[in-house]
Amino acid sequence: KRVGVLISGSGTNLQALIDAVRDPTQHVGAEIVLVVSNVANVEGLRRAERAGIATKVINHKNFGSRVEFDMAVNQELISAGVEIVCLAGFMRILSVDFVEKWRGRLINIHPALLPLFKGTHAQRQALEAGVRVSGCTVHFVEPDIDAGAIIVQETVPIEIYDTEETLIERIKTAEHKAYPAALKLLATGKVRLGSDKKIFWC
Ligand code: GRF
């Protein structure tokens, strides 16, 4: 399957996806053909370039509305023949139009065990709530933020000495396993989104 990855920053999840799809022993069944960033000069773009993957910067500030920006992104994905879109630290909310065009082929990673701790600073939210485990979730994208059927979750312990930084790091390590695993499930047809928007295991 031809995969497009949308990023805004450091791209460590992008790197995990690049490494996994290129590892012939993992049989992910996917190829990353395009990386789109809404921010120029980020490390994620350099990771893509180093891997020889086409990149495109589409700055949301150059568009009059969210929908126009989304349609520009959509156009790039279509032109590249993308079949599956992975959001990997992409810091823009996508319009209903975009989500509907890509529903079932659009996935995201969130640094908490959804449905807990949606939105930004999920790791800080977990620390403030005092839970003793957290983790990450890869899910199909719906117009509502951090909603959508769950494909893979990985847990991590929360240690009594954890700070936001140490927890972010531990969860990232889990993310780098969970995202390739979820992409493989989707790309190889082991999972899909049912018409009821619930997960369907094939
Ligand atoms: C990750 O924590 C991911 O869960 C969240 O944004 C962060 C992106 O990190 N959606 P990176 O750019 O992949 O390093």
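The structure this text deals with has already been given above.
Here's a quick rundown of the structure.

Criteria and thresholds
- The written sequence of each chain sets the order in which its residues are numbered from 1.
- Whole-chain, interface and lining totals are the exception, using all residues; otherwise, since this is a predicted model, local features are given only for residues with pLDDT of at least 70 and side-chain atom pairs are given and counted only at 80 or more.
- For side-chain calculations, the full set of non-hydrogen atoms in the structure is used, while hydrogens and water are omitted.
- It suffices for a single heavy atom of a residue to lie within 4 Å of a molecule or strand for the residue to be listed as near it.
- We call two N or O atoms a polar contact when they sit within 3.5 Å, provided that within protein one can donate a hydrogen and the other can accept it, with sequence-adjacent residues counted only if both atoms are side-chain atoms.
- The Shrake-Rupley method, run with a 1.4 Å probe sphere, supplies the accessible areas, and residue values consider only the shown protein chains as cover.
- Secondary structure follows DSSP: runs of H or I at least 4 residues long count as helices, runs of E at least 2 residues long count as strands, and numbering of each begins at the N terminus.
- The classification used treats Ala, Val, Leu, Ile, Met, Phe, Trp, Tyr, Cys and Pro as nonpolar, Asp, Glu, Lys and Arg as charged, and all other residues, Gly among them, as polar.
- Put simply, a salt bridge is a Lys or Arg side-chain nitrogen that is within 4 Å of an Asp or Glu carboxyl oxygen.
- Remark: exposure states derive from per-residue accessible area (1.4 Å probe, protein chains only) relative to the maximum for the residue type, with buried under 20%, exposed over 50%, and partly exposed in between.
- Here an angle of 0 to 180 degrees is reported between the N-to-C directions of two axes, which are lines fitted to C-alpha atoms, with helices fitted over the stretch in contact.
- Two helices that cross are described as forming a left-handed crossing if the nearer one is turned anticlockwise from the farther one by less than a right angle, and a right-handed crossing if clockwise.
- Note on definitions: a residue-residue contact is assigned when non-hydrogen atoms from the two residues lie within 4.5 Å.
- Only Phe, Tyr and Trp rings take part, Trp by its six-membered ring, and two of them pair if their centres are within 6.5 Å. Stacked means planes under 30 degrees apart, edge-to-face means over 60, and tilted covers everything else.
- A pair of strands is treated as paired once DSSP finds two or more bridges between them.
- Classification remark: right-handed applies to a crossover when, strands pointing away from the viewer, the course from the first strand over the helix to the second runs clockwise.
- Residues belong to a common nonpolar core when they are buried Ala, Val, Leu, Ile, Met, Phe, Trp, Tyr or Cys residues joined through side-chain atoms within 4.5 Å.
- Angles below 35 degrees are treated as roughly parallel, those above 145 as roughly antiparallel, those between 65 and 115 as roughly perpendicular, and all remaining angles as oblique.

Looking at the ligand, the residues that line it are Ser10, Gly11, Thr12, Asn13, Gly89, Ile109, His110, Pro111, Lys172 and Glu175. One of the backbone N or O atoms of isoleucine 109 is found 3.0 Å from a nitrogen atom in the ligand. In this structure, an oxygen atom belonging to the ligand sits 2.7 Å away from a side-chain N or O atom of lysine 172. Taken by itself the ligand offers 370 Å² of open surface, and the protein chains cover 86% of this. Looking at the shell around the ligand, the elements with two or more residues in it are helix H1 (12-22), strand S5 (106-110) and helix H6 (164-187). Its residues assigned to classes, the shell around the ligand comprises 2 nonpolar, 6 polar and 2 charged.

What follows concerns the pattern of salt bridges. Opposite charge on two side chains makes pairing possible when the charged atoms of those side chains draw close. As enumerated under the stated definition, the model contains 7 salt bridges in all. The partner of arginine 46 in a salt bridge is glutamate 43, and the shortest N-O contact between them spans 3.1 Å. Highlighted residues: arginine 46 and glutamate 43, both in helix H2 (residues 43-50), separated by 3 residues, approximately one helical turn. On the basis of relative accessibility, which here comes to 28%, the residue glutamate 43 falls in the partly exposed class.

The subject of this paragraph is the packing of helix H5 (residues 122-129) against H6. Axis angle and axis distance: for two packed helices, these are the angle between their axes and the distance between the axes, and together they describe the pair. Across the interface, H5 lies against H6 with an axial gap of 9 Å and an inter-helix angle of 120 degrees. Regarding H5 and H6, the two cross each other, and that crossing is right-handed. Within the contact between the two elements, H5 uses Gln123, Arg124, Ala126 and Leu127 and H6 uses Glu164, Leu167, Ile168 and Ile171. Counted by class, the contact of H5 with H6 contains 5 nonpolar, 1 polar and 2 charged residues.

Turning to the packing of aromatic side chains, a few remarks are in order. Think of a pair of aromatic rings as described by two things: how far the centres are apart, and how the planes are tilted against each other in angle. Taken as a whole and judged by the stated rule, the model has 3 aromatic pairs. On the basis of an interplanar angle of 70 degrees and a centroid distance of 5.8 Å, the ring pair of phenylalanine 63 and phenylalanine 69 is categorised as edge-to-face. A ring pair is formed by phenylalanine 69 and phenylalanine 90, whose centres lie 6.4 Å apart and whose planes are at 10 degrees; its orientation type is stacked. Of the two residues, phenylalanine 69 sits in helix H3 (residues 66-79) while phenylalanine 90 sits in the loop between strand S4 (84-87) and helix H4 (96-102), which places them 21 residues apart along the sequence. Judged by its relative accessible area of 3%, phenylalanine 69 falls in the buried class.

Here the focus is the pairing of strand S3 (residues 54-57). With 4 bridges joining them, strand S2 (residues 31-37) and S3 adopt parallel strand pairing. When the sheet's bridge partners are listed, serine 37 is paired in S3 with valine 57. Crossover connection from S2 via H2 to parallel S3: handedness right-handed.

Below, the discussion takes up the sheet that holds S4. Taken in spatial order, the 7 strands make up an open sheet running S3-S2-S1-S4-S5-S6-S7, and their pairing is mixed. The open sheet has two free edges, formed respectively by S3 and strand S7 (150-157), since each of these has just one partner strand. Strand-to-strand twist across the sheet, computed as the mean angle between neighbouring axes with direction ignored, equals 20 degrees. Summarising the sheet, S4 and S5 pair through 3 bridges and their orientation is parallel. When the bridges of S5 are listed, valine 85 appears paired with leucine 106.

For the rest of this paragraph, the subject is the nonpolar core. Val5, Ile32, Cys86 and Leu183 are the most contacted members of the largest nonpolar core, which has 45 residues in total. Looking at which element gives the most residues to this core, the answer is H6, with 9 residues. Not counting the four nearest positions on each side in its chain, cysteine 86 is found in contact with Val3, Gly4, Val5, Leu6, Leu17, Ile107, Tyr179 and Leu183. Residues Leu6, Ile58, Val73 and Phe90 belong to the second largest nonpolar core, which totals 19 residues.

Let us look at the packing of H1 against H6. Between H1 and H6, whose axes approach to 9 Å, the crossing angle comes to 50 degrees. Classified by the interaxial angle, the pair formed by H1 and H6 is oblique. Like other packed secondary-structure pairs, H1 and H6 cross with a definite hand, here right-handed. Packed against H1, whose contacting residues are Thr12, Asn13, Ala16, Leu17, Ala20 and Val21, the element H6 presents Lys172, Glu175, His176, Tyr179, Pro180 and Leu183 at the interface. Of the residues contributing to the contact of H1 with H6, the split by class is 7 nonpolar, 3 polar and 2 charged.

The quantities given are spatial measurements derived from coordinates; they are silent on function.
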